[in-house]
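Structure assessment
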Amino acid sequence: MTIGFGIVGAGRMGQVHTGNVRMRTDATVRAVFDERREAAERLSGDAAVMRSVEELVSRKDVDVVVVATPAETHAAVVDMAIEAGKAILCEKPFERDLVAARQSAERVRKKSIACMLAFNRRFDASFSALHRQLQQGEIGAPELVFLTSRDPAVPPLDYVARSGGLFRDMMVHDFDVARWLVGEEFEEVYATGACYAEPEIAALGFVDTALVVLKSVSGVTVTINNAMRATYGYDQRVEVHCAAGKLELGNRFDTSVSRADGDGIRREPPQGFFIERYREAYVAELAYFIQCLVKGELPAPGADDGVQALRLGEAAQESYETGLPVKVSRI
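Residues numbered from 1 in each chain as written. Predicted model: local features only at pLDDT ≥ 70, side-chain atom pairs only at ≥ 80, totals over all residues. Heavy atoms only, no water.

A closer look at the pairing of strand 12 (residues 245-249)
Cut-off, in case you're wondering: Any two strands with at least two DSSP bridges between them are considered paired. Numbering of helices and strands runs from the N terminus; a helix is a DSSP stretch of H or I covering at least four residues, while a strand is a stretch of E covering at least two.
The sheet contact formed by strand 11 (residues 235-242) and strand 12 spans 5 bridges and is antiparallel. When the sheet's bridge partners are listed, Cys242 is paired in strand 12 with Gly245. Between strand 11 and strand 12, which pair antiparallel in sequence order, lie 2 residues.

A short note on the pattern of salt bridges
This is how it is decided: Basic side-chain nitrogens of Lys or Arg form a salt bridge, by our definition, when they fall within 4 Å of a carboxyl oxygen of Asp or Glu. Accessibility here uses a 1.4 Å probe with only protein chains present; expressed as a share of the type maximum, an area under 20% marks a residue as buried, one over 50% as exposed, and anything in between as partly exposed.
Counting across every chain of the model gives 28 salt bridges. Here Arg59 makes a salt bridge to Asp61, at a shortest N to O gap of 2.9 Å. Given a relative accessible area of 28%, Asp61 falls into the partly exposed group. Three or more residues are tied together by salt bridges with common partners; here these are Arg122, Asp176, Arg179, Glu185 and Asp305.

A look at the nonpolar core
Keep this limit in mind: Throughout, nonpolar core names a set of buried Ala, Val, Leu, Ile, Met, Phe, Trp, Tyr and Cys residues whose side chains join them through atoms within 4.5 Å. We call two residues in contact whenever any of their non-hydrogen atoms come within 4.5 Å of each other.
Core analysis: the biggest nonpolar cluster contains 103 residues, and Phe5, Phe94 and Val212 have the highest contact counts within it. Setting aside its immediate chain neighbours within four residues, Phe94 contacts His74, Val78, Ala101, Ser104, Ala105, Cys115, Leu117, Ala303, Gly306 and Val307.

A look at empty space enclosed by the protein
To keep it simple, the criterion reads: The rule is simple: put a 1 Å grid over the protein atoms alone, call a set of points where a 1.4 Å probe fits but cannot get out a cavity, call an open set with protein on both sides within 12 Å along at least five of seven lines a pocket, and count a residue as lining if it has an atom within 4 Å of a point. Grid points are joined across faces, edges and corners, and a volume is the space filled by probe spheres set on the points. Classification convention: Asp, Glu, Lys, Arg as charged; Ala, Val, Leu, Ile, Met, Phe, Trp, Tyr, Cys, Pro as nonpolar; all other residues, Gly among them, as polar.
In total, this model carries 1 cavity of 30 Å³ or more according to the counting rule given. Computed from the structure, the largest cavity encloses a volume of approximately 30 Å³. What lines the largest cavity is simply Arg121, Phe127, Leu147, Thr148, Asp174, Val177, Gln236, Arg237 and Val238. Taken together, the elements giving at least two residues each to the lining of the largest cavity come down to strand 7 (142-150), helix 8 (172-182) and strand 11. The dominant element in the lining of the largest cavity, judged by the number of residues it contributes, is strand 11, at 3 residues. The residue inventory of the lining of the largest cavity, partitioned by class, reads 4 nonpolar, 2 polar and 3 charged.

If you want it as structure tokens, here you go:
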């Protein structure tokens with residue numbers, strides 16, 4: 001069986017998913033849509049270029065809709081795919097609005113749609129190994145978790161304005177990783193932040209640098225720090241402190257070579273950005289998703305995971321605005 005994919009959005013993530021589908025023998029790209037028709041044509045290859053999302057999801061040879069459009073458009077595309085009964089692979093965040101996200105997740109459940117959120121870090125070999133070792137419990141349950149995620153450069157202001165801000169967009173990856181590693185939900189969120197790299201972001205009511213503290217229902221404390229600017233490269237690190245030891249996940253480098261001389265010890269910076277750092281994770285993510293489709297299983301992380309990550313993002317934004325901890329049950 002060859003699974004037909006329809007790609008909605010011909011930007012950076014649409015290109016990643018299209019390339020990965022084309023590497024497989026059990027899947028093919030049937031159709032592409034982007035509001036910028038020239039971008040869709042560049043990406044399409046031998047796939048059809050559609051005039052609308054509605055036209056794409058209505059094709060009988062499209063089994064999966066990949067949602068790789070800007071965050072504020074996710075809700076409309078997801079809902080059209082659900083209505084058409086198509087499987088869905090959706091980039092984060094699930095949707096910009098929490099109410100809409102919950103409604104879509106409910107429709108996914110009712111129709112038993114295979115809907116997967118592209119939280120790619122779960123499929124990275126190092127993150128997977130860390131999670132597996134935690135599950136084995138040989139050094140006890142997690143007590144303190146520290147997540148660092150810093151981008152090499154601030155995105156364009158128009159992107160930040162559309163994204164809903166750092167807590168709802170960039171940090172949703174870390175919220176998902178926190179839930180996945182700890183294995184339970186969080187009851188309280190405290191957030192603080194500022195604009196250091198791009199002062200104009202403050203006018204949008206957002207931050208470019210932030211610290212969030214999460215408290216789980218059993219008392220596990222997770223600290224997340226995000227920055228939109230890290231001049232030394234893409235910074236992705238994890239430390240999990242447990243009763244009988246700790247687990248650490250470090251940055252990836254193109255090579256392990258360091259140089260020592262009279263001027264000191266130097267090495268190359270971490271890999272440039274998420275496309276390089278998580279290249280293999282995107283491949284593994286797609287392979288898992290296709291495996292679920294073939295077996296008739298519902299993939300994880302799913303729509304509800306997308307809702308929970310966005311819920312924590314909403315709580316963090318409220319905490320930043322009020323300066324007070326926020327109970328997640330209120331969100």
